[in-house]
Amino acid sequence: MQNHILSIILFTPLIGALVLLFVPKENKDAVRWIANIFALGGFLVSLPLVPMFWAQRFDATQHFKFIEGTANNWIPSIGAGYTIGIDGISFLLIMLTTLLGWISILSSWTAIENRVKEYYVWFLILQTGMLGVFMALDFFLFFVFWEAMLVPMYLLIGIWGGPRKLYAAIKFFLYTLAGSVLMLLGILFLYFHHERVTHVFTFSIPELYKTAPQIYSDPAYGPTIATLLFFAFFFAFAIKVPMFPFHTWLPDAHVEAPTAGSVILAGVLLKMGTYGFIRFSLPFFPDVLTHGKVRGWMIALSIIGILYGALVSLMQKDMKKLVAYSSVSHLGFCTLGIFALTPLALSGSVLQQINHGISTGALFLIVGILYERRHTREIAEYGGISTVMPVYATITLIMFLSSMGLPLLNGFIGEYYIMLGTFMVSWRWAAWAVPGVVLAAAYLLWLYQRVFFGTVTNPKNEKLHDLTPREVLTFVPLLIMAFWIGLYPKPFLQILEQPATQIVQSVTNPQGASAGAMNAALLQQPETAQAEKGKN
Amino acid sequence: MNPNLNPNLNLWVIPILPLAGAAINGFLGKKASRAGVTAVALFFSGAAFAWALLVAARFSSLSLPYHEFFAHWIRITGFSADFAFYLDQLSLVMLLVVTGVGFLIHVYSVGYMWDDPSYYRFFSYLNLFMFFMLTLVLAGNYLQMFIGWEGVGLASYLLIGFWFTKDSAASAGKKAFIVNRIGDFGFLIALFLLIKHFGSLNFDQVFGAVVPLPVETADAGLLTAIGILLMVGACGKSAQIPLYVWLPDAMEGPTPVSALIHAATMVTAGVYMVSRSHVIFERAPFALTVVAIIGTLTAFFAATIGIAQTDIKKVLAYSTISQLGYMFMACGVGAFSAGIFHLMTHAFFKGLLFLGAGSVIHAVGGEQDMRKMGGLKSFIPVTFGTMLIATLAIAGVPPLAGFWSKDEILWKAYQVSPVYWGIGVVTAFITSFYMFRLLFMTFFGDYRGAKVDAHGHSSHGHDAHGRGEPHESPMVMLVPLMILALLSLVGGFVGWGNHFENFLAPVFGTAEAVDSASHSTELLLMGVSVAVALFGWWLAYLLYCKRPELPQKIADSLGSLYQTVVHKYYIDELYAAVFVKPLIDGSMRILWQDVDRKIIDAAVNDAGDGAKHVSDEVRHMQSGNIRSYAGWISAGAGVVIALMIWMWTKAR
């Protein structure tokens with residue numbers, strides 16, 4: 001079990017999709033039940049990973065844990081392998097994916113009435129694709145998952161979406177595809193460069209960690225080529241995140257996507273961009289970031305994203321668009337945390353990615369619930385909802401507070417770590433980011449006031465019924481997580497400590513890190529000191 | 001100091017009690033009876049007060065400051081912030097004020113809110129506020145203080161917007177939260193600076209590291225920056241210039257909320273925070289000067305606005321801002337214990353004034369406009385009596401509480417600069433004037449309001465008996481008034497012979513001995529303060545009792561100046577025009593409509609369309625039509641030939 005836990009987690013949703021193929025599509029309830037069982041199953045099989053990973057959280061002898069498969073075992077002729085493995089960062093993202101995957105499928109029960117079977121099949125395939133991205137330790141495998149997951153998302157928006165679904169779906173697809181093409185070029189460059197240096201063809205990511213950083217100082221290529229390569233990857237990830245100014249596909253995709261699609265899109269898909277930065281851009285191109293202006297540009301784009309996303313969010317008339325732009329702002333914090341290049345900010349960034357998945361995932365569910373009842377997301381259509389749906393109003397308020405970073409809830413911890421970590425590098429960067437927190441309060445509280453406060457002026461809202469038990473159930477895990485991270489973030493931060501430190505070290509101190517690549521034991525943290533001693 | 005010497009006080013129980021009350025009423029209150037909700041709310045807030053009294057009883061046996069670790073929260077390499085409690089003389093004073101006044105206001109609210117349909121929700125929020133406020137004052141580090149700081153902001157937001165079906169209430173709550181967040185910007189950055197330079201946010205470690213540092217007299221440095229940033233935070237929470245604008249609007253909340261949160265406790269958090277950080281401020285004279293100037297200006301500025309307000313709660317709101325200004329003036333001149341002294345007496349008399357105002361509003365059926373009151377002293381004698389005491393106290397008439405604390409501040413301010421003292425004395429005169437104006441307009445003369453209608457105030461929660469004339473409040477509201485009146489009467493005597501200052505001396509350091517020459521100056525200044533207080537009283541009497549036609553004439557003769565004051569110097573309008581509108585318009589027109597849609601998104605779509613057009617054209621070339629191909633071939637040949645001829649001519 002321990003040896004194959006990752007594969008089990010990875011393929012459970014796919015097996016669910018295969019099983020669904022044999023269920024007659026007329027029997028919608030059977031389809032729903034089976035899909036929900038596999039979705040819950042997908043979450044449950046990931047739970048044993050928690051204690052297993054916890055036991056190894058400080059183990060710095062190997063950066064990646066639970067590794068399955070060896071390099072080049074899949075297509076040996078080109079050096080592609082089915083190699084998967086995780087560190088603390090991918091561990092948390094995988095847990096977020098399995099949780100949100102289950103919640104999204106649960107939330108779709110009444111929302112999807114057409115082509116039910118196809119919907120769940122694609123959703124489960126999407127789930128496997130996303131998990132694969134976070135697990136792959138082979139670039140070929142990574143790229144397969146990365147591209148494979150585009151198709152189901154495209155279909156989810158394009159078939160079950162809103163009135164402009166085709167426009168949004170094609171925009172989403174082409175935009176992300178354009179980024180991926182550049183990344184593919186980048187991957188191939190690294191692949192051939194590795195062969196040139198070592199005379200071995202391989203897509204193995206840990207192997208490429210050893211050679212890719214050398215491109216910068218390689219006389220045959222030099223800083224310009226390394227910088228171009230950085231940007232080849234940058235476009236793929238920046239579009240996915242999305243960083244300003246590559247964000248315009250996001251509001252369109254969100255507005256048209258079905259609720260569950262939005263939850264997954266914001267909760268997980270965007271994290272693939274930040275994950276890419278952390279997993280590839282940082283360790284592959286340390287010199288590009290530590291020399292020259294590239295890092296400054298990254299920081300500037302992050303800060304613009306924080307402020308711009310918040311300001312534009314303030315002005316939206318459509319609730320879903322508002323939440324979508326708030327994602328641009330929140331993800332700006334995440335990229336700021338990444339490019340601040342301190343373990344503190346990087347831990348905060350990953351934690352904030354998880355927080356964003358929880359809070360914004362919940363916000364999309366919240367919008368979806370109103371949409372299902374009234375079939376409009378126009379803020380002006382609402383008002384006084386607190387009176388008719390008090391439970392819903394309370395849960396919404398808690399999630400809004402979590403999203404705006406109120407202490408004792410999850411958002412605060414992530415933002416605080418990011419800003420503190422950034423402040424240690426430059427107080428100016430942090431000072432520019434802090435207004436984002438003020439603006440978050442403004443756009444969320446204003447939204448809350450317009451939707452929930454006041455009297456019910458629209459007669460259509462008078463008869464709205466409060467949450468059903470199923471709907472409450474979708475929020476319970478998210479509420480628990482929001483309070484858990486807010487009140488007791490220590491376990492999460494311990495999980496992130498080792499990978500965050502190693503990745504930052506690999507950038508800021510590549511000489512020290514390059515020899516053992518990512519596997520060198522570099523930690524001098526007090527909490528891990530004991531583990532260190534035991535090992536030596 | 002060995003913490004093991006101390007008995008375990010279990011301070012954590014004090015905030016947890018009201019939290020439990022908030023949770024019980026929040027989850028179960030909807031289905032429970034009013035009596036049940038009342039019992040829960042009063043039990044848990046009362047128990048917190050009782051526990052605080054127990055702590056006070058054992059206080060003398062403690063070695064201070066007392067520390068109590070509760071749980072881990074944030075641990076980073078080289079920095080940690082735990083849930084930990086800290087008790088010294090300063091936090092004890094705050095603890096007793098918060099739990100004591102808080103409990104009284106809970107009792108009062110039972111009567112005031114009895115008929116509100118969301119009775120349980122009110123008490124749930126009120127208990128939640130107590131939890132956060134106690135977290136704030138008992139915090140052992142800045143980060144926990146920040147939890148309480150944001151938490152009271154949340155409770156304040158919920159309670160200002162308690163009657164959320166009213167748009168003005170909902171907007172006021174939002175405004176309060178956002179303006180406070182602007183202040184938090186400074187607080188947060190100050191915390192980052194503390195972590196960066198001292199590696200800790202624990203009070204002991206920070207202050208231990210700051211004490212050996214030199215005073216930043218010559219040039220402003222790190223401590224000055226931290227001090228000013230902390231003051232930015234304090235300006236938000238304690239409603240000082242330029243962030244005071246949320247507090248008058250906050251009067252949209254139920255009156256007990258105004259008394260508890262927006263007069264007695266939460267708004268004083270900034271004063272507490274600055275006093276708690278006195279070690280930093282004492283080494284940053286420039287930051288102290290900033291505090292003193294902001295405090296002095298706010299005291300004067302808000303008092304002048306108070307003169308022309310006709311809404312009874314708005315007068316008290318501006319008065320609160322003004323009195324908070326006094327407290328900051330005290331901190332700014334280094335007289336932290338005087339500031340805390342005034343904080344305490346202000347909690348008594350301003351809490352009383354608000355509760356009294358609530359009783360008045362209750363009596364006249366929800367009316368808040370003083371022009372429609374008058375002559376109420378015979379209808380509601382107990383309310384009148386207690387409010388008279390509070391008015392005397394705030395006006396600084398000896399020997400009531402406000403006299404002692406205000407005089408202490410003015411005396412300390414005089415020693416630093418007579419300018420502070422001068423503005424302070426003028427403000428004291430204005431204070432006395434607008435407070436007696438309030439008293440005379442409300443309680444004297446003839447009743448100018450309508451007959452009280454049983455259903456005339458359904459939007460407010462207080463009960464109506466359907467009587468035809470103003471009626472006195474029930475005992476459950478009057479008893480807290482009487483207790484607070486007693487405290488306003490005698491509360492100042494703790495300052496007698498510097499008792500209060502000496503009590504706080506372990507925190508703030510001992511006062512320097514005053515020689516007899518300056519002692520006579522002190523007496524002279526004291527005489528001046530008493531004189532201006534009496535003069536303000538007399539003037540208000542003249543204008544609002546003897547010659548009630550005069551104020552209108554004066555107002556008319558002052559013209560635009562008067563209008564400016566009535567409109568609060570148009571500051572709200574100014575902020576709207578300078579900050580809010582450009583922000584909204586800029587986001588809407590420039591960022592959203594132009595940048596996002598017309599530039600970025602249009603570029604994306606153009607790129608897509610461009611690709612489509614190009615491929616469309618290319619597609620047409622491959623039509624399968626021989627003649628078309630022939631045409632392309634000849635065209636291409638033509639181009640090639642032309643090119644060759646051109647190159648050939650050039651080569652020649």
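Residues numbered from 1 in each chain as written. Chains lettered and ligands numbered in written order. Predicted model: local features only at pLDDT ≥ 70, side-chain atom pairs only at ≥ 80, totals over all residues. Heavy atoms only, no water.

Chemist: It is not clear to me how the overall build of chain B should be interpreted in this structure. Could you clarify?
Modeler: What chain B contains, in helices and strands, is 25 helices and two strands. Scored against the burial criterion, the 652 residues of chain B give a buried share of 57%. Partitioning the intrachain contacts of chain B with sequence separation of at least 6 by distance along the chain shows that 81% fall at a separation of at least 24. Entry remark: accessible area of chain B is about 25000 Å², with carbon and sulfur atoms responsible for 67%. The positive charge centre, built from 39 side chains, and the negative charge centre, built from 40, are 7 Å apart in chain B. (Helix = DSSP H or I, 4+ residues; strand = E, 2+ residues; numbered from the N terminus. Buried < 20%, exposed > 50% of the residue type's maximum accessible area, 1.4 Å probe, protein only. Contact = heavy atoms within 4.5 Å. Areas by Shrake-Rupley, 256 points an atom, 1.4 Å probe, with all protein chains shown as cover. Lys, Arg positive; Asp, Glu negative; His and termini not counted. Charge placed at Lys NZ, Arg CZ, Asp CG, Glu CD.)

Chemist: Just checking my understanding: could you explain the side chain of B:Thr135 for this structure?
Modeler: Structurally, B:Thr135 can be placed in helix α4 (residues 119-138). Here the side chain of B:Thr135 touches B:Phe131 through a polar contact of 2.7 Å, landing on its backbone oxygen. (Polar contact = N/O pair within 3.5 Å; in protein donor to acceptor, adjacent residues only side chain to side chain.)

Chemist: Is there a simple way to think about a nonpolar patch on the surface in this case?
Modeler: Taken together, A:Leu473, A:Val476, A:Ile480, A:Phe483, A:Trp484, A:Leu487 and A:Tyr488 make up a surface patch of nonpolar side chains, about 620 Å² in accessible area. By secondary structure assignment, the location of A:Leu487 is in helix α21 (residues 469-487). (Patch = residues over 30% accessible without salt bridge, like charges linked within 9 Å, V, L, I, M, F, W, Y side chains within 5 Å. Salt bridge = Lys/Arg side-chain N within 4 Å of Asp/Glu carboxyl O.)

Chemist: Any chance you could explain the confidence of the model for chain B here in plain terms?
Modeler: Caution applies to low-pLDDT parts of the model: their predicted coordinates are not meant to be read in detail. Across chain B, the average pLDDT comes to 86, with 95% of residues at 70 or higher. The complex model carries a pTM of 0.89, and its ipTM stands at 0.86. (pLDDT = per-residue confidence, 0-100.)

Chemist: Looking at this model, I keep getting lost on the interface of chain B and chain A. Mind explaining?
Modeler: Many structure descriptions define interface size as the accessible area lost when the parts assemble. Taken together, the contacts link 49 residues of chain B with 59 residues of chain A. Across the interface of chain B and chain A, roughly 4800 Å² is buried in total on both sides, 74% from carbon and sulfur atoms. Ranking the residues of chain B by area buried against chain A places B:Trp73, B:Arg181 and B:Phe192 at the top, with a combined share of 15%. On inspection of chain B and its partner chain A, the count reaches one salt bridge. Note that A:Lys171 is salt-bridged to B:Asp601, the shortest N-O span being 2.4 Å. The interface formed by chain B and chain A holds 14 residue pairs in polar contact (both at pLDDT 80 or more) in total. Mapped onto the side of chain B that touches chain A, the elements with two or more residues apiece are β1 (66-76), β2 (79-87), α4, α5 (142-160), α6 (167-198) and α24 (571-621) of chain B. A breakdown of the residues in the side of chain B that touches chain A according to their chemical character gives 34 nonpolar, six polar and nine charged. (Buried area = accessible area lost by both parts, 1.4 Å probe. Nonpolar A, V, L, I, M, F, W, Y, C, P; charged D, E, K, R; others polar.)

Chemist: Any chance you could explain the environment of A:Ala442 here in plain terms?
Modeler: Topologically, A:Ala442 is positioned in helix α20 (residues 427-452). For the pair A:Ala442 and A:Leu311, spaced 131 residues apart in sequence, the C-alpha to C-alpha distance is 9.4 Å. Once residues lying within four places of it in the same chain are set aside, the contact partners of A:Ala442 are A:Leu314 and B:Ile178.

Chemist: How should I be thinking about empty space enclosed by the protein in this particular structure?
Modeler: Where empty space is left becomes clear once a probe the size of a water molecule has been rolled over the atoms. One pass over the structure, following the stated rule, counts eight cavities of 30 Å³ or more. Roughly 90 Å³ of volume is contained in the largest cavity. Elements with a contribution of two residues or more to the lining of the largest cavity: α19 (410-425) and α20 of chain A together with α5 and α6 of chain B. In the lining of the largest cavity, the residues fall into nine nonpolar, one polar and four charged. In this structure, the second largest cavity encloses a volume near 60 Å³. Every residue lining the second largest cavity is listed: A:Met319, A:Val323, A:Leu363, A:Ile366, A:Val367, A:Leu370, A:Tyr392, A:Thr396, A:Phe400, A:Leu447, A:Val451 and A:Phe452. Considering every element that reaches the lining of the second largest cavity, the biggest residue donor is helix α16 (residues 343-374) of chain A, with four residues. When its residues are assigned to classes, the lining of the second largest cavity shows eleven nonpolar, one polar and no charged. (1 Å grid on protein atoms, 1.4 Å probe; cavity = no way out; pocket = protein on both sides within 12 Å on 5 of 7 lines; lining within 4 Å. Points joined across faces, edges and corners; volume = space filled by probe spheres on them.)

Chemist: What is the right way to read the side chain of A:Ser349 from this model?
Modeler: Residue and element names in this part refer to chain A. With respect to the element layout, Ser349 can be found in helix α16. A relative accessible area of 0% means that Ser349 is categorised as buried. Apart from the residues lying within four places of it in its own chain, the contact partners of Ser349 are Cys334, Gly337, Ile338 and Ile418.

Chemist: Explain the nonpolar core to me, please; I cannot follow it from the model alone.
Modeler: Most often, soluble globular proteins keep nonpolar side chains buried together rather than apart. In this structure, A:Phe139, A:Leu190, A:Leu269, A:Tyr416, B:Leu87 and B:Tyr142 are the most contacted members of the largest nonpolar core, which totals 414 residues. Among the nonpolar cores identified, the runner-up in size contains 17 residues, and B:Tyr326, B:Ala338, B:Leu410 and B:Ala428 belong to it. (Core = buried A, V, L, I, M, F, W, Y, C linked by side-chain atoms within 4.5 Å.)

Chemist: I keep staring at the environment of B:Gly186 and nothing clicks. Help me out?
Modeler: Residue and element names in this part refer to chain B. Locating Gly186 in the fold gives a position in helix α6. For Gly186, a relative accessible area of 0% gives the class buried. When sequence neighbours within four positions are dropped, the list of residues in contact with Gly186 reads Leu229 and Val232.

Chemist: Just checking my understanding: could you explain the packing of α16(A) against helix α22 (residues 490-508) of chain A for this structure?
Modeler: When two helices pack together, their arrangement is given by the angle between the helix axes and the distance between those axes. Residues and elements named next belong to chain A. Close contact between α16 and α22 brings their axes to 8 Å; oriented N to C, the two are set at 125°. If you check the angle between α16 and α22, you find them oblique. Considering how the two elements wind past one another, α16 and α22 form a crossing that is right-handed. Judged by residue contacts, Pro343, Leu346, Ser347, Val350 and Leu351 of α16 engage Phe492, Leu493, Leu496, Ala500, Thr501, Ile503 and Val504 from α22. Taken together, the residues that form the contact of α16 with α22 break down as ten nonpolar, two polar and no charged. (Axes fitted to C-alpha atoms, helices over the stretch in contact; angles between N-to-C directions. Parallel < 35°, antiparallel > 145°, perpendicular 65-115°, else oblique. Left-handed = near helix turned anticlockwise from the far one by under 90°.)

Chemist: Hey, could you run me through helix α8 (residues 165-198) of chain A in this one?
Modeler: When the terminal C-alpha atoms of α8(A) are compared, their 48 Å separation across 34 residues agrees well with the 50 Å that a helix rising 1.5 Å per residue should span. With its phi angle positive at about 65°, A:His199 sits one or two positions after the end of α8(A). (Expected span 1.5 Å × (residues − 1).)

Chemist: I'm lost on the packing of aromatic side chains in this one. Help?
Modeler: Note on aromatic pairs: each is described by the distance of the centres and the angle between the planes. On inspection of all chains with the given rule, the structure shows 97 aromatic pairs over all chains. Ring geometry for B:Tyr575 against B:Phe579: centres 5.6 Å apart, planes inclined by 70°, an arrangement best described as edge-to-face. With B:Tyr575 and B:Phe579 both in helix α24, this residue pair falls four residues apart, about one helical turn. One residue, A:Arg374, lies across the ring of A:Tyr382, its end atom 5.5 Å from the ring centre. Cation over ring: B:Arg121 sits above B:Phe162, and NZ or CZ is 4.4 Å from the ring centre. (Phe/Tyr/Trp six-rings, centres within 6.5 Å; stacked < 30°, edge-to-face > 60°. Lys NZ or Arg CZ within 6 Å of the ring centre and 35° of its normal.)

Chemist: Can you help me understand the pattern of salt bridges in this one?
Modeler: Side chains that differ in charge, positive against negative, can pair when their charged atoms come close. Residues and elements named next belong to chain B. Counting across every chain of the model gives 24 salt bridges over all chains. Residue Asp572 pairs with Lys175 through a salt bridge whose shortest N-O separation is 2.9 Å. Separated by 397 residues along the polypeptide, Asp572 in helix α24 and Lys175 in helix α6 bring together distant segments of the chain. Judged by its relative accessible area of 22%, Lys175 falls in the partly exposed class.

Chemist: Just to check I follow, could you spell out unusual backbone geometry for this structure?
Modeler: Where the residue is not glycine, phi is negative for most of them; where a peptide bond is considered, it is trans in most cases. For the bond running from A:Phe244 to A:Pro245, omega is 0°, close enough to zero to count as cis. Examined against the element boundaries, A:Pro245 turns out to sit in the loop between α10 (222-240) and α11 (249-256). Here B:Ile241 and B:Pro242 are connected by a cis peptide whose omega angle stands at 5°. Unusually for a residue other than glycine, B:Ala239 sits at a positive phi of about 50°. If you trace the backbone, B:Ala239 turns up in the loop between α8 (222-237) and α9 (246-249). Residue B:Tyr570 is not a glycine yet carries a positive backbone phi of 55°. If you trace the backbone, B:Tyr570 turns up in the loop between α23 (560-566) and α24.

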